Structure formats: C-alpha cells, structure tokens
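# Structural features, examined
Read off the chains here:
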Amino acid sequence: MKLSPSAWAGMIMLAVYVVAGVLGPLIAPYDLTSLHVELARQFEGSSSAHWLGTDASGRDTLSQLLWGARSALELSVIVVAISSAIGLGLGTIAGWFGGWVDELIMRLVDILMAFPGILLNIAIVATVAHPGVPLTIAALCANGWVGYARVARGQVLALRERDYVAAAVALGASNRRIMLRHLLPNLMGPALVQMSFGLGSVIIVEASLSFLGIGPQLDYTWGAMLDQARNFLWNTEWVRIYAVVPGVAITWVVLGANLLGDGLRDRLDPRQRGRG
Amino acid sequence: MSIGSFLLRRIGSGALAILGVSVLTFLFLHLVPGDPVDHLAGGDAPPGVRLKIEQCMGLDRSLPMQLALFFGHVADGTLGNQCRNGDPSGPTVATRIVEVMPNTLWLAICGMLVAAVLALPLGVLAAVRRGTWIDTLATTLSLSGISVPQMMFAPLLILWGFITLGWFPGPTEVGPRAILLPAVAVGTHLMAMLARMTRSSMVEVLGEDYVRTARAKGLPEGRVLFVHALRNALLPVITVAGLQFGSLLSGAIIIENVFARPGLGATLVDAIKERNYPVVQGAVLVIAVIYVGVNMLVDLAYGLADPRIRRA
C-alpha cells in the first residue's frame, strides 16, 4: 500500500511503542513488581545508575516508563480489539437489517453520545472501591464501540446497493454469510482508520483516569507518573524530567496514531487528501 | 423537509436520548454494589442517622417509586436533596449545580476565546501557504496540540507561569487573573481541532469559482481572503467550535482538577466517589441536557445557514 511519509512516520512511531511495550519489563533496568521504597534515593536526577532519575519513592524512572508502556499496550490493544469487534458487528447488523433493529441500535448510540465519554468511563470505574484492569477495560469499551458502529453502519448502507451484494442475495446467501463474507471485509479500510484514531484516544482516556486516581492503583502507568509529577511541582528541577518523560511517551503514541489515521484516511478517500 | 419538522425531529430524538441517559444512570446506580448510606454517614453511624439518609434519598421505597420521585424532583426544579446528613430540608442538588456552574461557564468561554484567537490565523495561514513550510509548521503545531496530554501541559504551565516566573496566579487563587492559565491550557488543546478544520475548510473554499471571480475582478487579496473566502469557510469551523463548547460546559475535568476549580465535571466525579445518588442523577441530567442542547443548536444553526443540510 502506498502511504504518505507522515503515515509512515506514524506507523514507525507506533512500532516503537509496540516494541517498548512487549520488551519493556524485560529490558527495564529495575524490577518494579516489588514495592521496594528507597527514600534515600528519591528525586534523583539523571545518573549512570538511573538514566532518567528516580521518583518520590526512589524508584527508577526509566523502568517506570518501560513498565508503563507494557500496561498501556496491553490495555489499548484489548480495548481497541473488543470495541471494534462489538462496534463493527452492531453497525453492520444495523445497516444491513434496517428497520427496528437499526432504530434500536442507533438509539443506544444516541444515548451514549448524549454524554461526554470520559465521564461515563469514570462513572463505571468509580463504582468499585478497588477496580482492577479488567474493569477499566470494560469501562473504555462501554462507549468505545460507538464510533466503530457508526462507521460500519454508514459503510454498509452504501455497500448494500452494490451489485455484488445484490448478486449474493439473488443466489440465496444467508444474512450471516452476506454480512461476514461480503460486507465486513469491505469495510475494513474505514474501520482501520477508526482503529488508529481510537488507539490514540484510548491512551489519553486511560492516562486521564489514572491521573485522576480512578482505576487500578499501579504506580508505574504513565497517567500515575504524571499525577506524581504534578504533586511535586515545587521540586522544579526534578519535575522537569519526571513530568516530561511520561508526557512525551503519551504524545508519541497519540501523535503516531493520529498521523497513521490521517494517512490511511487520505489513502482510502483521495477526495480528503490535503484536508485536515 | 421543512425547518419545523426538522426541529421537531431533533428535539424528539434529543429528549429521548436524555431520558435514556437518566434511566440508564438510575439503573446503573442501583445495580452496582455499594451502599450509599455507608459512604455518606460512615460505616459506624447510629441506625437513626442511617435511617434518615435512607428516607431522604427514598431508598426505602421500591425502585419504580424511586424513579418516579426523581422525575418529580426534575419537574419541581430542585433535582432532589443532597442528603448530606439525611436532612430533607437541606440544600438541594440544583443549588450545588448552580454554585459550580459559573466556574465551568467562565472557563469554557475563556478557553474557547483563546482557541479561536490561535486557531483562525493559524488555519488561514496554513491554507493560503498550502504545501510550504508554513503549512507544515502550522499542521504540526495543531497536531501536537491534540497529542500533548493536558495532564502534562497544564502542570508544566503552572510550573512555568506561577512557580518559576511568578507572572500568573497559581491554582486555588481567586480573582480575575486566575482564569488566565486554565484558559490557555484549555484553549491550546481545542485550538488544534479548530485550526485543522479552518485549514481544510479554507483550502476547499479557495478552490471555488467565486473566489477566482473575486480575484479576477481585481479585488485586493485581503478582501478576497477574509470577506469572500473566510466567511464561507467558517461554517464547519463554527460547528466544531460549538461541539467543543458543549463538551467544555459539561466539564473540563482534567483542567478543573489540576487548577482546583470545582466545576460541573468535578462535582459529578466527587458525587460518584461518595455514592451520592441524588447529586449523581442531577449532575448527569444537567450535563446531558447541555450536551444534547448544544449539539442541537449547532445542527439547527447549520441547517439555517446552509439549506442543503435540511434535505438530508
């Protein structure tokens, strides 16, 4: 596939993120699973023992960054996979069957869109005293599927007029077969665009939740690192590194996802080229 | 479709969505484990206090009755009682929302202003100088506005503006200048979307025949750009701005949190944490009404400005 240089840049940025997430805990210089606190080494700057310094409990910042990449990668991939599966499925069903099925699904979409997404995520996660990662994933999927459903429905409404779909109907193909074999494969392009943008927003929302102290209490997620940074703003020299490390990591992934999403969209729809 | 039936349809589906949000919130609150009385009174409160809170919230009634009670409170405009000490004559949920709303509103207005002031020139410039390094720079700037997390940007803004330079008031301070840093934090983030929209809309309009005509008849370039092109390019920009304004009104929670400005979003988050059912229900309803209302106004404005939309 021919992609623009900026889309390639986005893809490479995401590849770095994936590699960091997969290898992160293996190559991290320190193990963060033990709750070892070394107050004598807190707020350290860059050194050969701690390349990016240490945090308020004396833990290694670089290790936190790498472990954070793992937890962000796990969460974002699972959320994007589940929400896109649900959304594309429901959207295809709504677009193909129409009628009351369509009406029902789209009213549900309306309800979920009548409310800022992040507040819904917070509401779900905050219902339990000690939420784990699965609950955060469920919360992000609860409204994450909506975008995919809209994309899929729009595509199916256009695809159902195509000759090959009419041919499949005339040959007596079942609804299931038409949806799985003829519709879904043909809406994968727009779905990929949506997945790319979706990945970026999942990263931001997840970091926001842990920044606000809502969600699994892991102290090495990027959001939790940013939370720690803003609590020690007075420590100006230290915070300049400690806030920027997770901040740049988030920017990296989100920027990569947006660049790739833009590039894929331009590739699929040449009319959009040069826009946005 | 006439403008009347267009309006009716939009109001109808909007009202349905708001009702859906309310009922779902209600069911959700009552389905999840956790006793609201434990949170408000504390686990070891005497039975008398617990009973008072239960009665105040209507938890001693059946579920359908509780839902009916909530709609009753919506109808009388109080949105129910906050039930802090189980005192049924205490402050209402509406009072609490009216208290925090000015914070949210003021931040939304100032943030939007910052965003518009930054985004319009940037977008127009990028469109006019399309394909040059200026375009690349403007596009990169606006993309990074989307990508840089507010959780890093806002604290660094405090570090720079308040702690290091001391030019701006810090969090929790009051006074007219206290809005400056939060507004910049909100505005730079929104700017990104607006600038992208302005650019793409301007690029499209600049290719239109009437722009060529305006140039051909020798109008000065400034007049062509700002009177002929920008005015027509603004429509989608205003749409995006309207939608952004709607979501700002429902609470810019990260910024409110960092700058310790209690707003609508923060009120809802606190209420969820302390399981205050009436406040959660009330805040959710207000947020949904604002959100849906603003979206509807935007649609309507669009329909009025561009009659082609109404046919769709």
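Everything below is about the structure shown above.
Described below are features of the structure shown in this document.

So, how was this worked out
Per chain, the residues get numbers from 1 upward, laid out in the order the sequence is written. Written order determines the labels here, with chains lettered from A and ligands numbered from 1. Reporting in this predicted model follows two pLDDT cut-offs: at least 70 for local features of residues, and 80 or more for side-chain atom pairs to be given and counted; totals over whole chains, interfaces and linings ignore these cut-offs and use all residues. Contact definition: two residues whose C-beta atoms, as placed from backbone geometry, lie within 7 Å. Helix and strand assignments come from DSSP, with helices taken as H or I runs of at least 4 residues and strands as E runs of at least 2, each series counted from the N terminus. Only Asp, Glu, Lys and Arg are considered charged, only Ala, Val, Leu, Ile, Met, Phe, Trp, Tyr, Cys and Pro nonpolar, and every remaining residue, Gly among them, polar. Here, axes are lines fitted to C-alpha atoms. For helices the fit covers the stretch in contact, and angles between N-to-C directions go from 0 to 180 degrees. Our angle categories are set so that under 35 degrees counts as roughly parallel, over 145 as roughly antiparallel, 65 to 115 as roughly perpendicular, and the remainder as oblique. Crossing handedness is defined as follows: a turn of the near helix away from the far one that is anticlockwise and smaller than a right angle gives a left-handed crossing, while the clockwise case is right-handed. The nonpolar core is taken to be a set of buried Ala, Val, Leu, Ile, Met, Phe, Trp, Tyr and Cys residues joined by way of C-beta atoms within 7 Å. Residues with at least 20 neighbouring C-beta atoms inside 10 Å of their own are called buried, those with 12 or fewer are called exposed, and the rest are partly exposed, where every C-beta is derived from the backbone.

### What to know about the interface of chain B and chain A
Taken together, the contacts link 41 residues of chain B with 36 residues of chain A. Secondary structure elements with two or more residues in the side of chain B that touches chain A: α1 (3–31), α6 (133–147), α7 (150–164), α8 (180–206), α11 (253–258), α12 (264–273) and α13 (277–305) of chain B. Broken down by element, the side of chain B that touches chain A gets its largest block of residues, eight residues, from α7(B). Residue composition of the side of chain B that touches chain A, by class: 28 nonpolar, 11 polar and two charged.

### Looking at unusual backbone geometry
Residues and elements named next belong to chain B. You will see that leucine 79, though not glycine, has its phi angle at about 60 degrees, which is positive. Mapped onto the elements, leucine 79 comes out in the loop between α4 (63–75) and α5 (93–128). Positioned with a positive phi, alanine 260 is a non-glycine residue whose angle comes to about 50 degrees. Among the secondary structure elements, alanine 260 is positioned in the loop between α11 and α12.

### A short note on the packing of helix α4 (residues 117–125) of chain A against helix α8 (residues 188–211) of chain A
Residue and element names in this part refer to chain A. Axis separation between α4 and α8 bottoms out at 11 Å; the angle between their running directions is 50 degrees. Between α4 and α8, the angle is such that the two are oblique. The handedness of the crossing between α4 and α8 is right-handed. Between α4 and α8, the contacting residues are Ile118, Asn121, Ile122 and Val125 on the first element and Val205, Ser208 and Leu209 on the second.

### Some points on the nonpolar core
If you look at the biggest cluster of nonpolar residues, it comprises 164 residues, and the most contacted ones within it are A:Ile122, B:Leu194, B:Leu268, B:Ala283, B:Ile287 and B:Ala288. The element best represented in this core is α8(B), accounting for 16 residues.

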